[in-house]
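Residue-level structural notes
Below are the chains, spelled out letter by letter.
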Amino acid sequence: MASTERPLSPHLQIYKPQISSTLSILHRATGIALSAGTLLLVYWLVSAAAGPEAFATAQGLVGSILGRILLFGWSFALFYHLGNGIRHLAWDAGWGFELPVMHRTGWAVVIFAVAMTLIAWIVALVVLGV
Amino acid sequence: MSTASNTGHGKASMRTPVARARGLGAAKEGVQHWWAQRVSAAALVPLALWFVASIIGLAGADHAAVVEWLSNPLVTVLMIVLIGTTFYHASLGMQVVYEDYIHTHWLLIVVNVGTKFLCVLLAASAILAVLKISLGA
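Residues numbered from 1 in each chain as written. Chains lettered and ligands numbered in written order. Predicted model: local features only at pLDDT ≥ 70, side-chain atom pairs only at ≥ 80, totals over all residues. Heavy atoms only, no water.

1. Looking at the overall build of chain A
The test is simple: Under the scheme used here, helices are H or I runs from DSSP no shorter than 4 residues and strands are E runs no shorter than 2 residues, and both carry numbers assigned from the N terminus. Atoms counted for the radius of gyration: C-alpha only. Globule rule: 2.2 Å times residue count to the power 0.38. Only protein chains enter the accessibility calculation, which uses a 1.4 Å probe; a residue whose area is less than 20% of its type maximum is buried, one above 50% is exposed, and one in between is partly exposed. Two residues form a contact once any of their heavy atoms are found within 4.5 Å. Surface exposure here means Shrake-Rupley accessible area, sampled with a 1.4 Å probe, where a residue is shielded only by the protein chains that are shown.
Along its length, chain A carries four helices and zero strands. Taking 2.2 N^0.38 as the reference for a compact globule, 130 residues should give roughly 14 Å; the C-alpha atoms of chain A span a radius of gyration of 20 Å, well beyond that estimate. Every one of the 130 residues in chain A was classed for burial, and the buried ones make up 35%. Pairs at least 24 apart in sequence give 68% of the contacts found in chain A among residues at least 6 apart. Accessible surface, chain A: about 8200 Å² in total, of which carbon and sulfur atoms supply 75%.

Structure, rendered in structure tokens:
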């Protein structure tokens, strides 16, 4: 551990949650969730390669209630991380650092993620013929 | 400076201060990591959108339909690129998370290298699965 004799910045708990910090934490959390979610992608592909029976088992798991909840969370995480990732790339290019712009793009990313998740699931349910 | 070669732990050392500092900080390959994370992110924007659109189209599909989809050469290539880029981006991202929260040096190395090994293993498995289906083995 580093020496704590130097001045420390205030701890996280005493900060009021703000859109900037909340979305930053959410970006990291969705990144970790998506990393773990790659296990599902690998399982799905490997079971498809293993044959129709293994694939049917995989589709059954994905189509179960728990599977669909995980998939719903995964889809939101993907759309959020994608939208906020583009926001990060814009910052890296030097654009959008002004506070009002930063707040607007933040809310735009939240709306984008929620809307895309809902659209994706509505279309998927239409494809399924539900 | 007569104490320049001191390790700070009361033991004399023949090593120069720069030798001790080398390899300890981010001024080693941080820029390369930062840039690789951005390039893989940019590549994943179209790849992820294409993948999600494809998966939605495959909702409830049976084995034959998925095999037919993956056997399309364009899909095979895009899937392999998607898998490689995804695991590369994930390993770069997880490394940053570990570096922020794991303060024990040996543990950081073990967890980080373990994640890299796991990412390569998973990517290789997924790519083999795609190739096996695509080549009809």
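2. Digging into the interface of chain B and chain A
This is how it is decided: Reported buried area values correspond to the accessible surface (1.4 Å probe) lost by two parts on association, with both partners' losses combined. Throughout this description, the term salt bridge denotes a Lys or Arg side-chain nitrogen within 4 Å of a carboxyl oxygen of Asp or Glu.
Taken together, the contact between chain B and chain A spans 40 residues of the former and 30 residues of the latter. For the pair chain B and chain A, the summed buried surface comes to about 2800 Å²; carbon and sulfur atoms form 80% of the total. Counting across the chain B and chain A interface gives two salt bridges. Between A:Arg28 and B:Asp100 there is a salt bridge, with its nearest N and O atoms 2.8 Å apart.

3. Overview of the packing of helix H2 (residues 52–63) of chain A against helix H3 (residues 65–92) of chain A
All names here are of chain A. Convention followed: Interaxial angle, 0 to 180 degrees, is taken between N-to-C directions of lines fitted to C-alpha atoms, where a helix line uses only the stretch in contact. Each angle receives one of four descriptions, namely roughly parallel if under 35 degrees, roughly antiparallel if over 145, roughly perpendicular if within 65 to 115, and oblique otherwise. The residue classification treats Ala, Val, Leu, Ile, Met, Phe, Trp, Tyr, Cys and Pro as nonpolar and Asp, Glu, Lys and Arg as charged. All others, Gly included, are polar.
Look at H2 against H3: their axes get within 4 Å of each other, and the N-to-C directions meet at 70 degrees. Comparing their axes, H3 and H2 come out roughly perpendicular. Touching Leu61, Val62 and Gly63 of H2 are Ile65, Gly67, Arg68 and Leu71, all from H3. Here the residues of the contact of H2 with H3 sort into four nonpolar, two polar and one charged.

4. Concerning helix H3 (residues 63–71) of chain B
Applied cut-off: Here the arc refers to the directions that run from the helix axis out to each C-beta atom.
Of all the positions in H3(B), only B:His63, B:Val66, B:Trp69 and B:Leu70 are classed as buried. Around the axis of H3(B), the buried residues are gathered within 130 degrees of arc, so they sit on the same side. Those residues of H3(B) that are exposed and aimed more than 90 degrees away from the buried face are B:Ala64 and B:Glu68. Residues of H3(B) that are buried make contact with helix H1 (19–50) and H2 of chain A together with helix H2 (30–57), helix H4 (73–101) and helix H5 (105–134) of chain B.

5. A closer look at the packing of H3(B) against H5(B)
All names here are of chain B. In contact at an axis separation of 8 Å, H3 and H5 are set at 95 degrees when each is read in the N-to-C sense. Taken together, H3 and H5 sit at an angle that is classed as roughly perpendicular. Packed against H3, whose contacting residues are Val67, Leu70 and Ser71, the element H5 presents Val130, Ile133 and Ser134 at the interface. Tallied by class, the residues present in the contact of H3 with H5 amount to four nonpolar, two polar and no charged.

6. Here's the deal with the nonpolar core
The test is simple: The criterion is simple. A nonpolar core is a set of buried Ala, Val, Leu, Ile, Met, Phe, Trp, Tyr and Cys residues joined through side-chain atoms within 4.5 Å.
In this structure, A:Leu45, B:Val66, B:Leu70, B:Met79 and B:Ile83 are the most contacted members of the largest nonpolar core, which totals 27 residues. No other element matches H5(B), which puts seven residues into this core. Discounting residues that sit within four places of it in the chain, A:Leu45 has contacts with B:Leu70, B:Met79, B:Ile83, B:Ala126, B:Ala129, B:Val130 and B:Ile133. The next biggest cluster of nonpolar side chains, apart from the first, holds 18 residues, and it includes A:Leu34, A:Ala77, A:Leu78 and B:Val45.

7. Details of the pattern of salt bridges
Pairing between side chains of opposite charge can happen when their charged atoms approach one another. One pass over the structure, following the stated rule, counts two salt bridges over all chains. Taking the shortest distance from any N to any O, the salt bridge between A:Asp92 and B:Arg38 comes out at 2.7 Å. Pair noted here: A:Asp92 is in helix H3 and B:Arg38 is in helix H2, and the two residues belong to different chains. A residue is classified by how much of its surface remains accessible, and B:Arg38, at 18% relative accessible area, is buried.

8. Quick notes on the confidence of the model for chain B
For any part of a model where pLDDT is low, the fine detail of the predicted coordinates should not be relied upon. Selection criterion: Within a predicted model, pLDDT stands for the predictor's per-residue confidence, ranging from 0 to 100.
Predicted confidence across chain B gives a mean pLDDT of 89, with 86% of residues reaching 70 or more. In the predicted structure, residues 1–7 of chain B sits below a pLDDT of 50 and forms nine contacts with residues beyond four places in sequence or in another chain.

9. Details of the side chain of B:Thr86
The condition is simple: What qualifies as a polar contact is a pair of N or O atoms within 3.5 Å, subject to a donor-acceptor requirement within protein and to the restriction that residues adjacent in sequence count only when both atoms come from side chains.
Position of B:Thr86 relative to the elements: it lies in helix H4. Its relative accessible area of 18% is what places B:Thr86 among the buried residues. Among the polar contacts listed, one links the side chain of B:Thr86 to the backbone oxygen of B:Leu82, at a separation of 2.7 Å. Excluding its chain neighbours within four sequence positions, the residues that come into contact with B:Thr86 are A:Thr38 and B:Leu44.

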